[in-house]
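Examining the three-dimensional arrangement
The residues making up each chain are set out below.
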Amino acid sequence: MMTFYEMVQRNFHRAADVLGISDDFRVVLLRPRRQLIVSVPVRMDDGRYCVFEGYRVNHCVVRGPAKGGIRFHPSVTLDEVRALATLMTWKCAVLDLPFGGGKGGVAVDTKTLSTRELEALTRRYATEISILIGPDTDIPAPDMYTDERVMAWIMDTYSEHHGHQVLGVVTGKPISIGGSEGRLDATARGLVLALEAASRRLRIPLVDARVAVQGFGNAGRTVSHILAKEVGAKIVAVSDSQGGTYCAKGLDVSAVERQKDEEGTVLGAAGGDRITNEDLLGLDVDILIPAAMEHSITAENADRIRARVIAEAANGPTDIEADPILSHNGKIVIPDILASAGGVTVSYFEWVQNHQGLRWEPSEVKRRLKKKMEDAFTDVYEVARRNSGDMRLAAYVLAVSRVSEAYRIRGLYP
Ligand code: NAD
């Protein structure tokens, strides 16, 4: 099986073929600018020392500082972080944000750590990667198993090193210390805006649409909530790492959220049938939203997908071998670098507010997010219409053309 990083590179080459980019220049565009591996020693509560491995990669900074989340997960590797950093370059370019791509991670199972251990790990990791991060160089944000509390610790650690507060070094902070209104639900809201744009163009109604959501964290939970409560869609299935719950008539999303908070899983929640993550992918639904990890939709299961639209909240959920199967079966894929870009877009708004010492009202953030997502959707849709109709290829073509143009205009130093 192709690795996640190989897949990201393959998608780039498909776009580079369309754009006629030479082999030597492809290497310039693809090779990460900086890749840092760090050891993160932590004194555990029982007195033992434990050393975790962490990474921070800046893929490209030609359109602006590197931007991208930090993931704490046992399966994090340098290769995965490289892939995610590369995706961030294209995602920021699709949204036309003045950022390049970065990503970080630590190989750790946060469920086994106390709060004190998590804080120690975060602060030491922030210290180790402080040779890269900064408000004008590389700006982290939350990703899997990191949240606004982790961002607050990173901002505080960096600020203590510098002897003064540096708000713009991370985004996704709590609002009380420089976070933006609308950041917490931005990824989900951005995805819903992309779905609404698709629904208008393709005449697929969202009211009463049957939706299955894989992953019930920041992205998946919030998207389920907004689609059910604000849009009027029917969330028929959700899942997390332990499995899921299914009700053909539609789940009571508030009841699912309560069980997740109280019992830590959505398995069988809201009186639904217990299902596996594999079952969820094959359900008879209109919209499928993968919001967990990469390698979720594969060559083995793609043929079983019955949803007409697949909106990727997760980064890299679809294997490259699965894409032609989905396309052959007439599925519409709204790709990750477009569909899940709401988070980085409001991160950009947070960074702008931090730089200007301003605080925007929630309505201002929502208005700007709507414009950004709708413009990006239109840009991608128009490229897709002129080519094969493949939205992933179109998003990559748009992104790679913007990044290569910036390279050409700046020239190569020295
Ligand atoms: P999170 O840690 O808040 O939630 C992850 C969820 O996925 C949890 O419910 C977990 O139980 C579930 N999960 C983990 N492994 C699973 C598996 N094998 N099968 C099914 N469910 C599984 O993370 P998040 O921030 O919601 O991120 C989820 C995805 O969205 C990631 O791919 C991330 O890169 C992407 N993403 C997140 C943001 C953001 O702003 N948080 C922005 C863009 C993209």
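The coordinates are above.
Residues numbered from 1 in each chain as written. Predicted model: local features only at pLDDT ≥ 70, side-chain atom pairs only at ≥ 80, totals over all residues. Heavy atoms only, no water.

1. A look at the pairing of strand β8 (residues 243–246)
Relative to β8, strand β7 (residues 234–240) is paired through four bridges, and the arrangement is antiparallel. Pairing of S239 across the sheet is with G244, part of β8. The loop that links β7 with its antiparallel partner β8 comprises two residues. Direction of pairing for β8 relative to strand β9 (residues 273–275): antiparallel, over a ladder of three bridges. When the sheet's bridge partners are listed, G244 is paired in β9 with I275. (Pairing = 2+ DSSP bridges. Helix = DSSP H or I, 4+ residues; strand = E, 2+ residues; numbered from the N terminus.)

2. Focus on the site of the ligand
Around the ligand, the structure places 24 residues, and the nearest of them are D143, T187, N218, A219 and N315. A distance of 2.8 Å is found between an oxygen atom of the ligand and a backbone nitrogen or oxygen belonging to N218. One of the backbone N or O atoms of S241 is found 3.1 Å from an oxygen atom in the ligand. Protein contact buries 87% of the 830 Å² of open area that the ligand shows by itself. By residue class, the composition of the shell around the ligand is nine nonpolar, nine polar and six charged. Mapped onto the domain boundaries, the shell around the ligand takes at least three residues apiece from domain 1 (32–177) and domain 2 (186–339). (Near = heavy atom within 4 Å. Polar contact = N/O pair within 3.5 Å; in protein donor to acceptor, adjacent residues only side chain to side chain. Areas by Shrake-Rupley, 256 points an atom, 1.4 Å probe, with all protein chains shown as cover. Nonpolar A, V, L, I, M, F, W, Y, C, P; charged D, E, K, R; others polar. Domains from an automatic or database assignment.)

3. A few points about the nonpolar core
The nonpolar side chains of soluble globular proteins are, as a tendency, buried together. Counting residues in hydrophobic clusters, the biggest one holds 95 residues, and the most contacted among them are V94, L195, L227, I289 and I334. No other element matches the twelve residues that helix α14 (residues 391–410) contributes to this core. Residue assignment places this core across two domains, with domain 1 (32–177) and domain 2 (186–339) each supplying three or more. Not counting chain neighbours up to four residues away, the residues in contact with L227 comprise V192, L195, V211, G232, A233, I235 and I289. (Core = buried A, V, L, I, M, F, W, Y, C linked by side-chain atoms within 4.5 Å. Buried < 20%, exposed > 50% of the residue type's maximum accessible area, 1.4 Å probe, protein only. Contact = heavy atoms within 4.5 Å.)

4. Comments concerning the packing of aromatic side chains
One pass over the full model with this rule turns up nine aromatic pairs. Judged by centre distance (6.3 Å) and plane angle (35°), the rings of Y348 and W351 are tilted. Note that Y348 and W351 are positioned in helix α12 (residues 342–356) at a spacing of three residues, about one turn of the helix. No difference in accessibility class separates Y348 from W351, as the two residues are buried. Both rings, one in F377 and one in Y381, keep their centres 5.9 Å apart while their planes meet at 20°; by these two values the pair is stacked. Taken together, the residues F377 and Y381, both in helix α13 (residues 362–386) and four residues apart, mark about one turn of the helix. For the pair F377 and Y381, one class covers both residues: buried. Here the aromatic cluster, defined as three or more aromatic residues joined through ring pairs, consists of F99, Y348, F349, W351 and W360. (Phe/Tyr/Trp six-rings, centres within 6.5 Å; stacked < 30°, edge-to-face > 60°.)

5. Some points on the sheet that holds strand β12 (residues 332–334)
In spatial order, the strands read β9-β8-β7-β6-β10-β11-β12; together these seven strands make up an open sheet with mixed pairing. The open sheet is flanked by β9 and β12, the only strands paired with a single partner. When strand polarity is set aside, the average angle formed by the axes of neighbouring strands in this sheet is 20°. When strand β6 (residues 210–214) meets β7, the two strands line up parallel, connected through five bridges. Along β7, the bridge assignment pairs V211 with I235. (Axes fitted to C-alpha atoms, helices over the stretch in contact; angles between N-to-C directions.)

By themselves, these observations are geometric and do not establish any function.
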